[in-house]
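# Inside the fold
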Amino acid sequence: MEESRTDNNSGAHQNKPEGQLIKSPEGVYRLLRRLQSKHTPLKLHFDSVADYYTSMVLAVNYKEGYFLLDEVTPKWGDELMAKAIPFSFDSFHDGCKISAAHMQASGRAVKEGSPIYKIPFPTELQFLQRRQFYRAPIRMSLEIPVRLGVKVPPVKRDEYDNIIPQNPTWAHEGLLRDLSAQGCQIEVPGDLQEALPKNTEYTSCHIIFPNGHLIDLGIAVRHVGYDENRDISSLGCQFINMNPKLDRQISFVVTELQRDNARASSGNAISAPASELFTPPAANKEKGKDGKKDETGKNQERNEPNPALPEKISIAEAHTKAVGAVRRLVMQLREKNPLSIKEIWEVCDLLLQALEQDRQELILYTRIRTIGNYLYEHSVSVAVLLVDQTQHNVTNPKSRDKDYLRNLMFAGLCHDLGKGLIPERIIGKGGDLTEQEAKVMHKHSLLTREILSRQQGTPEIALLVATQNCERLDGSGHPEHLKSISISPVGKLAAVIDVFDAMTNGRSYKAGLPHAVAYKRLMGMQQQLELAAVQQLIKRQGLFPIGSLVSFENGDLGFVKRQNEDHQPQVVRLVYNKQSNQAIPMRDVDLNKTPSLGKLIGPDDPARYQLSNDLLLDEL
């Protein structure tokens, strides 16, 4: 098999690179983290040595640009690694080949009797979706339209400088039938064998996903087949004029299609969340085609609660839809398109129902972050926590006011909307911001308030939360440097929740803090954050919050999946044993029924063991 063949010449696979070469430190970090999180074995080949060896990635340090390799097997590979003999590796992850060459160990240590090695980041990683072995098919029930030869007319504006909508034109329209990193197959009605010669190139081809996301790339038609019975032409196409950004987008879609097929074939499609890409936005049933008011004159952007929601919903799907709705809102803002505020109100109803139906499962989904979705997932998490904390506070007269809670959910979902207009180099910066960058970042709350104030039906509480979540009791916050007496109670609560969620959830460039550490820091911020709101948060979420890592007497580590009525861990997913320093077969245990674990010792830090709570999403 090709997977088990490696050229003896360490530079052999550089003669004709395939796939995508990842050269940025961020890209290298993300791929190495994939290998680490899934415990993917690496096949090592040392220069001038015929044998192959095996190891695994133990840790990845983005800031200092190195990763740690586990001991090499067979054991005589230790001598080669210790002598810093140059090596290359191949690995296979989710149908993709990840490989690198020209690496050397820069350090060796012994941990619990086994050697580990420090390896500087490779200058590039080769990432190949192996087309000859796998093309991601599209299930027949999933329609992904494709338009070939798209021509967009020049922008026209009216006398008030508003853009006049104009429809683009295209040469052919069909459906995507499969996709790989290098090309795709498109089915188009009719016989195009003569009308569309082989090697016809289109500089603009639109692939349009059910959630409205669009990829625009160039393609060359390499093959045209025709099925008389169906009157369908099948076009085999190769992507042209690709750039790293498009490569990443296509690779992401291929991965999502793989998951979609696994989901559809697993028989567990209801409990497994559908990809955001393949989830269409909610239909605008009440709103007319012209987007105007209905016959009563009431503006439809400020929706009433939807009484037609089903009695029981999928919590995972509700969370996925909410993240997708926030993402679409940010994309519309960046592209200067009208904002689909109606969809945000619809997911408010979904989240409120999910919170009432199974609070703990919804909280679980809000505790997990995925690369590239931090802003949207953070917004959903803040919204859910705002409502959850308010409902729990029986001294608050609004704790059972459904309209108030709905407005509060809306406020949380939209509280960071202005960040969509802040440059990515500032939003995603790993280190401290410069003074100028901080000034730009601090503008996001005023931008959010301005954007929301222009939308019909925006509740006043959303404007308060947009800015006051960034204010601090001592006046050190922004944008208006308000002091305690000037900050509303909901603003003080939003500030605590925003800081808590940011502290405890990791981003691409850093890990989140353990909850115990975050609690300690929050308690130490009494000059900036309201102590009563911090204490209320800790009481409601518990000392061992859902999604946090806990340690047991026998050395097992597990993520908290459910709590009992006293907010103590009840169901835990075991993933690792720190005495053997190895991953263990994952299993969910009820602590009331599993005495063999021994006593719960306390919280632990997932980063110490290179663990991520996204393991809670894996099916057992």
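Read on for an overview of the structure. Computed from a predicted structure; not experimentally measured.

Rules used in this analysis
Residues numbered from 1 in each chain as written. Predicted model: local features only at pLDDT ≥ 70, side-chain atom pairs only at ≥ 80, totals over all residues. Heavy atoms only, no water. Helix = DSSP H or I, 4+ residues; strand = E, 2+ residues; numbered from the N terminus. Buried < 20%, exposed > 50% of the residue type's maximum accessible area, 1.4 Å probe, protein only. Contact = heavy atoms within 4.5 Å. Areas by Shrake-Rupley, 256 points an atom, 1.4 Å probe, with all protein chains shown as cover. Salt bridge = Lys/Arg side-chain N within 4 Å of Asp/Glu carboxyl O. 1 Å grid on protein atoms, 1.4 Å probe; cavity = no way out; pocket = protein on both sides within 12 Å on 5 of 7 lines; lining within 4 Å. Points joined across faces, edges and corners; volume = space filled by probe spheres on them. Nonpolar A, V, L, I, M, F, W, Y, C, P; charged D, E, K, R; others polar. Pairing = 2+ DSSP bridges. Axes fitted to C-alpha atoms, helices over the stretch in contact; angles between N-to-C directions. Phe/Tyr/Trp six-rings, centres within 6.5 Å; stacked < 30°, edge-to-face > 60°. Core = buried A, V, L, I, M, F, W, Y, C linked by side-chain atoms within 4.5 Å. Expected span 1.5 Å × (residues − 1).

### Description of the overall build of the protein chain
A tally of helices and strands in the protein chain yields 15 helices and 21 strands. Split into buried and exposed, the 620 residues of the protein chain put 50% on the buried side. Partitioning the intrachain contacts of the protein chain with sequence separation of at least 6 by distance along the chain shows that 62% fall at a separation of at least 24. Split by element, the accessible area of the protein chain, about 30600 Å² in all, is 50% carbon and sulfur.

### Things to note about the pattern of salt bridges
As enumerated under the stated definition, the model contains 22 salt bridges in all. In this structure, E480 and R449 form a salt bridge, with 3.3 Å as the shortest nitrogen-oxygen distance. Remark: R449 occurs in helix 11 (residues 444-453) and E480 occurs in the loop between helix 12 (460-468) and helix 13 (489-504); sequence separation between them is 31 residues. Owing to a relative accessible area of 37%, E480 belongs among the partly exposed residues under this scheme. Classification of R449 as partly exposed rests on a relative accessible area of 26%. Connected via shared salt-bridge partners are E187, D227 and R230.

### A look at empty space enclosed by the protein
Scanning the entire structure with this criterion turns up three cavities of 30 Å³ or more. The computed volume of the largest cavity comes to approximately 40 Å³. Lining the largest cavity, in full, are S37, H39, Q610, L611, S612, D614 and L615. Its residues assigned to classes, the lining of the largest cavity shows two nonpolar, four polar and one charged.

### A short note on the environment of F500
Note that F500 resides in helix 13. The class for F500 is buried, based on a relative accessible area of 0%. Residues F500 and V382, spaced 118 residues apart in sequence, show a C-alpha to C-alpha distance of 9.2 Å. Those residues within four positions of F500 in sequence are excluded, and the remaining contacts are R367, L385, H515, Y519, L522 and L537.

### Quick notes on the pairing of strand 20 (residues 582-590)
Of the pairings in the sheet, the one linking strand 19 (residues 569-577) to strand 20 comprises six bridges and is antiparallel in character. Residue pairing in the sheet places V572 in a bridge with V589 of strand 20. Between strand 19 and strand 20, which pair antiparallel one after the other, the connecting turn spans four residues, and N581 there sits at a positive phi close to 55 degrees.

### What to know about the pairing of strand 7 (residues 107-111)
Sheet topology note: the strand 7/strand 8 (residues 114-120) ladder contains five bridges and is antiparallel. Considered in strand 8, the bridge of G107 is made with K118. Linking strand 7 back to strand 8 in an antiparallel pair, the connection comprises two residues, with E112 at a positive phi of about 50 degrees.

### So, the environment of T279
Tracing the chain through its elements places T279 in the loop between helix 3 (244-266) and helix 4 (315-334). Between the C-alpha atoms of T279 and F209, which are 70 residues apart in sequence, the distance is 8.6 Å.

### What about the sheet that holds strand 20?
The antiparallel open sheet is built from five strands, whose spatial order is 20-19-18-17-21. The outermost strands of the open sheet, each flanked by one partner alone, are strand 20 and strand 21 (600-603). Here the average twist between neighbouring strands, direction ignored, is 30 degrees. As paired elements, strand 17 (residues 549-552) and strand 18 (residues 556-563) share three bridges and run antiparallel to each other. From the neighbouring strand, V550 faces strand 18, where its bridge partner is G558.

### Here's the deal with the packing of aromatic side chains
All chains considered together, the criterion is met by seven aromatic pairs. A ring pair is formed by Y29 and Y62, whose centres lie 5.4 Å apart and whose planes are at 70 degrees; its orientation type is edge-to-face. Residue Y29 is found in helix 1 (residues 25-37), and its partner Y62 is found in the loop between strand 3 (53-61) and strand 4 (66-69); the two are separated by 33 residues along the sequence. Given a relative accessible area of 10%, Y29 falls into the buried group. Overall, the relative accessible area of 25% leaves Y62 in the partly exposed class. Centroid distance F209 to F278: 6.5 Å. Interplanar angle 45 degrees. Geometry classified as tilted.

### Considerations on the nonpolar core
Counting 79 residues, the largest nonpolar core has I344, M409, F410, L413 and L611 as its most contacted members. Once residues lying within four places of it in the same chain are set aside, the contact partners of L413 are V326, I344, V347, C348, L351, S379, V380 and A383.

### Brief notes about helix 1
Its 13 residues place the ends of helix 1 18 Å apart at the C-alpha level, agreeing with the 18 Å of an ideal helix rising 1.5 Å per residue. Remark: H39 follows helix 1 within two positions and exhibits a positive phi of approximately 55 degrees.

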